[in-house]
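Structure assessment
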Amino acid sequence: EKIEKGKHIGISSSFIQYFEKKLNIPFNLVPTNSWTQTLEYIKEKKCDMLPLAMETKERKKYLNFTKDYIQVPLVLITKESIPFITSIEELNGKKIGIPKNYAFNEIIRQKYPKVKIIDVKNLHEGLEKIEKDELWGQISTNITTAYEFGRHFHKNLKISGHFDRSWDLSIAVQKEDT
């Protein structure tokens, strides 16, 4: 997901185009610089809808969510030397990067307090921190990880695990709009 040369590209842009066609309603993009800024904008009512968002306890205070329509598997990225990990509990005591304000940052902090979650700006920053031994690993989605690995050569990193949880994405709208 990004804005490139003034054009919205990514998975959600394809869904927005589909919704526009089916509903015969134009959608206007409100550009932001980060997911954190996107969440600030929707809280401040500078935008009305998020086409891809995961429901969390905190977000339910100010947003309503549709049924999820995309489920994206979560993976763990580590250095190549790390054996395969099959459970989040195996991460207890380890420094794991997750982008700030991502739903799984909140969920894993709550459900697995022994995992040391470190806020990172994005996946790329997290992977750089693994390479510099500042993080043990990074949790991300398989789609985002494949995209990042395709764009940047991370020769000493690999996907070292997957989890029974997924990133369940739905449309989120202002509470007042439903």
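Residues numbered from 1 in each chain as written. Predicted model: local features only at pLDDT ≥ 70, side-chain atom pairs only at ≥ 80, totals over all residues. Heavy atoms only, no water.

Side note on the overall build of the protein chain
In terms of regular secondary structure, the protein chain is built from 5 helices and 9 strands. The globule rule puts the C-alpha radius of gyration for 178 residues at 16 Å, and the 17 Å found for the protein chain is close to it. Its C-alpha atoms give the protein chain principal-axis dimensions of about 50 × 35 × 25 Å. Taken across its 178 residues, the protein chain has 38% of its residues classed as buried. For the protein chain, contacts bridging at least 24 residues in sequence account for 67% of all contacts bridging at least 6. Put simply, the protein chain shows about 10,700 Å² of open surface, and 51% of that area lies on carbon and sulfur atoms. Of the side-chain charges in the protein chain, 29 are positive and 24 negative, and the distance between the mean point of each set is 1 Å. (Helix = DSSP H or I, 4+ residues; strand = E, 2+ residues; numbered from the N terminus. Rg over C-alpha atoms; globule rule 2.2 N^0.38 Å. Buried < 20%, exposed > 50% of the residue type's maximum accessible area, 1.4 Å probe, protein only. Contact = heavy atoms within 4.5 Å. Areas by Shrake-Rupley, 256 points an atom, 1.4 Å probe, with all protein chains shown as cover. Lys, Arg positive; Asp, Glu negative; His and termini not counted. Charge placed at Lys NZ, Arg CZ, Asp CG, Glu CD.)

Things to note about the side chain of S160
Looking at the element boundaries, S160 is found in strand β9 (residues 157–174). Look at S160 and you get buried, because its relative accessible area is 0%. S160 has contacts with L76, T78, K79, I82, P83, F84 and I85, leaving out every residue within four places of it along the chain.

Here's the deal with the pairing of β9
On a regular strand, one side chain projects to one face of the sheet and the next to the other, so that they alternate. Direction of pairing for strand β3 (residues 49–54) relative to β9: antiparallel, over a ladder of 4 bridges. Within β9, the residue paired with A53 across the bridge is S170. Two strands pair when backbone bridges link them, and strand β5 (residues 70–79) and β9 are joined in this way by 9 bridges, in the antiparallel orientation. Directly across from P73, in β9, lies its bridge partner S166. (Pairing = 2+ DSSP bridges.)

Some words on the packing of helix α4 (residues 123–131) against helix α5 (residues 142–151)
Running from amino to carboxyl end, α4 crosses α5 at an angle of 70 degrees, the nearest separation of the two axes being 10 Å. By the angle between their axes, α4 is roughly perpendicular relative to α5. Seen along the crossing, α4 lies across α5 with a hand that is right-handed. Of α5, the residues touching α4 (which contributes L123, H124 and L127) are T144, T145, E148 and F149. Across the contact of α4 with α5, the residue classes break down as 3 nonpolar, 3 polar and 1 charged. (Axes fitted to C-alpha atoms, helices over the stretch in contact; angles between N-to-C directions. Parallel < 35°, antiparallel > 145°, perpendicular 65-115°, else oblique. Left-handed = near helix turned anticlockwise from the far one by under 90°. Nonpolar A, V, L, I, M, F, W, Y, C, P; charged D, E, K, R; others polar.)

Structural notes on the environment of G161
Looking at the element boundaries, G161 is found in strand β9. Residues G161 and I85, spaced 76 residues apart in sequence, show a C-alpha to C-alpha distance of 4.6 Å. The residues touching G161, leaving out its near neighbours within four places in the chain, are L74, V75, L76, F84 and I85.

Details of the packing of aromatic side chains
Using the criterion set out here, one finds 5 aromatic pairs in the structure. Taken together, a centroid distance of 4.7 Å and an interplanar angle of 80 degrees make the contact between F15 and Y69 edge-to-face. With F15 in helix α1 (residues 11–23) and Y69 in the loop between β4 (63–65) and β5, this pair connects stretches of sequence that are 54 residues apart. Residue classification places F15 among the partly exposed residues on the basis of a relative accessible area of 25%. On the basis of relative accessible area, Y69 is assigned to the partly exposed category, the value being 27%. Centroid distance F19 to Y69: 6.4 Å. Interplanar angle 70 degrees. Geometry classified as edge-to-face. Taken together, the residues span a long stretch of sequence, with F19 in helix α1 and Y69 in the loop between β4 and β5 at a distance of 50 residues. Every member of this aromatic cluster is reached through a ring pair, and the members are F15, Y18, F19 and Y69. Its end group placed over the ring of Y41, K46 keeps NZ or CZ at 4.7 Å from the ring centre. (Phe/Tyr/Trp six-rings, centres within 6.5 Å; stacked < 30°, edge-to-face > 60°. Lys NZ or Arg CZ within 6 Å of the ring centre and 35° of its normal.)

Regarding α4
Where α4 is concerned, the buried positions are L123, G126, L127 and I130. Summarising the axial view, the buried residues of α4 lie within an arc of 95 degrees, below the 170-degree limit, and thus occupy one face. Residues of α4 that are buried sit in contact with β5, β6 (95–99), β7 (116–120), β8 (137–141), α5 and β9. The backbone nitrogen of H124 lies 3.2 Å from a side-chain oxygen of the residue at the head of α4, namely N122. Directly after α4, the chain includes D133, whose backbone phi takes a positive value near 60 degrees. (Arc of directions from axis to C-beta. Polar contact = N/O pair within 3.5 Å; in protein donor to acceptor, adjacent residues only side chain to side chain.)

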